[in-house]
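# Breakdown of the fold
Chain by chain, the residues run as shown.
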Amino acid sequence: MASCNLPKEAPGPAGAIDPVSIAFDIDGVIADTMTLFLDIARDEFDIRGIRYEDITAYNLADCIDMAPELIDRVIARLLDGGYRSRLRPIPGAPEVLQRLARRSGAVLFVTARPNVGPIGDFIRSIMPVEPECFDIVATGSFDAKAEVLKLRNITHFVEDRLETCYTLITAGITPVLFAQPWNREPHPFIEVSSWQEIEELICW
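Now for a quick tour of the structure.

How each quantity is defined
Residues numbered from 1 in each chain as written. Predicted model: local features only at pLDDT ≥ 70, side-chain atom pairs only at ≥ 80, totals over all residues. Heavy atoms only, no water. Buried < 20%, exposed > 50% of the residue type's maximum accessible area, 1.4 Å probe, protein only. Helix = DSSP H or I, 4+ residues; strand = E, 2+ residues; numbered from the N terminus. Pairing = 2+ DSSP bridges. Right-handed = clockwise from strand over helix to strand, strands pointing away. Axes fitted to C-alpha atoms, helices over the stretch in contact; angles between N-to-C directions. Contact = heavy atoms within 4.5 Å. Phe/Tyr/Trp six-rings, centres within 6.5 Å; stacked < 30°, edge-to-face > 60°. Lys NZ or Arg CZ within 6 Å of the ring centre and 35° of its normal. Salt bridge = Lys/Arg side-chain N within 4 Å of Asp/Glu carboxyl O. Expected span 1.5 Å × (residues − 1). Arc of directions from axis to C-beta.

## A closer look at the pairing of strand β5 (residues 174-178)
The buried fraction of β5 amounts to four of the five residues, a majority that puts the element mostly inside the structure. Of the strand pairs in this sheet, strand β4 (residues 156-159) and β5 are connected by four bridges, and their pairing is parallel. Residue pairing in the sheet places Phe 157 in a bridge with Pro 175 of β5. The parallel pair β4 and β5, bridged by helix α6 (residues 162-170), forms a crossover whose chirality is right-handed. Bridging between β5 and strand β6 (residues 190-192) involves three bridges; their strand directions are parallel. Looking at β6, one finds that Phe 178 is bridged to Val 192.

Below, the structure written as structure tokens:
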């Protein structure tokens with residue numbers, strides 16, 4: 001991955017993670033995807049009364065009162081794009097990611113989506129920088145993330161799916177769990193609840 005030509009930011013004191021060695025999941029970490037899911041369910045399928053806090057499991061059928069086939073239809077709309085609602089970033093993500101691009105030369109995103117599709121447009125909208133300033137890899141599988149990260153010499157990965165964190169640690173990659181209602185179980189991992197906390201982990 002080529003480095004981008006943004007003015008480089010001088011290093012400064014902060015956390016212990018090398019900025020070139022950290023990568024990021026997108027949905028639930030950078031993109032507020034669950035809010036978009038609820039917006040699509042309400043606006044296009046007239047499903048109401050489900051709150052963000054009700055999503056207490058990554059498998060939506062385990063925690064919300066929606067028929068599994070309807071959940072699948074909403075997710076298909078979400079992945080395909082063209083929805084009326086807007087996918088919004090998690091607060092603080094655009095600013096930290098742009099700073100990270102200036103500091104490290106490029107930022108890596110690894111998603112389990114089957115293809116980059118509209119999520120690529122989303123990343124470009126929140127990171128109005130040169131294309132070489134970031135790279136998005138769609139693995140199509142949660143378990144395939146670890147191999148991509150190892151090939152890119154990534155040591156830390158910010159992830160919201162707790163099960164994936166266990167796969168990563170087994171592969172020698174340190175997970176950083178982004179706290180969400182669907183990952184509130186005891187775990188041994190570094191945990192953050194905001195992009196300010198992610199920023200504080202990085203050695204700027």
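## Re the sheet that holds strand β2 (residues 107-111)
By way of backbone hydrogen bonds, the strands of a sheet pair with one another, either parallel or antiparallel. One open sheet holds the six strands; their spatial order is β3-β2-β1-β4-β5-β6, and the pairing between them is parallel. The open sheet has two free edges, formed respectively by β3 (134-138) and β6, since each of these has just one partner strand. Looking at each pair of strands side by side, their axes are set apart by 25° on average, direction ignored. Where helix α3 (residues 93-104) meets the sheet, it contacts β1 (22-24) and β2, and its direction lies at approximately 125° from that of β2.

## Focus on the packing of aromatic side chains
For the structure on display, the rule yields six aromatic pairs. Each residue in the set Phe 24, Phe 109, Phe 134 and Trp 195 is aromatic and connected to the rest through ring pairs, giving one cluster. A cation sits over an aromatic face here: Arg 99 above Trp 204, 3.9 Å from the ring centre.

## Quick notes on the pattern of salt bridges
Overall, the coordinates contain twelve salt bridges when judged by the stated rule. The shortest N-O distance in the salt bridge between Asp 27 and Arg 113 comes to 2.8 Å. Pair noted here: Asp 27 is in the loop between β1 and α1 (33-45) and Arg 113 is in the loop between β2 and α4 (117-126), with a separation of 86 residues, a long-range link. In this pair, the class of Asp 27 matches that of Arg 113, namely buried. Across the salt bridge formed by Glu 199 and Arg 99, the nearest N and O atoms sit 2.7 Å from each other. With Glu 199 in helix α7 (residues 195-201) and Arg 99 in helix α3, this residue pair connects regions lying 100 residues apart in the sequence.

## Remarks on α3
Relative to the 16 Å expected for twelve residues at 1.5 Å per residue, α3 spans 16 Å between its end C-alpha atoms, a close match to the ideal helical length. Here α3 has its buried residues at Ala 93, Pro 94, Val 96, Leu 97, Leu 100, Ala 101 and Ser 104. Burial along α3 is one-sided: seen end-on, the buried residues are contained in an arc of 165°. As for α3, its buried residues are in contact with β1, β2, α4 and α7. Gly 105, located one to two residues past α3, shows a positive phi value of around 100°.

## Describing the pairing of β4
A two-sided burial pattern is seen for β4, the buried positions comprising His 156 and Val 158 on one face and Phe 157 and Glu 159 on the other. Judged from the three bridges that link them, β1 and β4 form a sheet pairing that is parallel. Across the sheet, residue Ile 22 finds its bridge partner in β4, namely His 156.

## Regarding the environment of Gly 120
Position of Gly 120 relative to the elements: it lies in helix α4. It is 10.0 Å that separates the C-alpha atoms of Gly 120 and Ala 138, two residues lying 18 residues apart in sequence.

## Things to note about unusual backbone geometry
One non-glycine residue, Asp 46, adopts positive backbone phi at about 55°. Of note, Asp 46 is situated in the loop between α1 and α2 (68-80). The phi dihedral of Asn 153 is positive, around 60°, even though this residue is not glycine.

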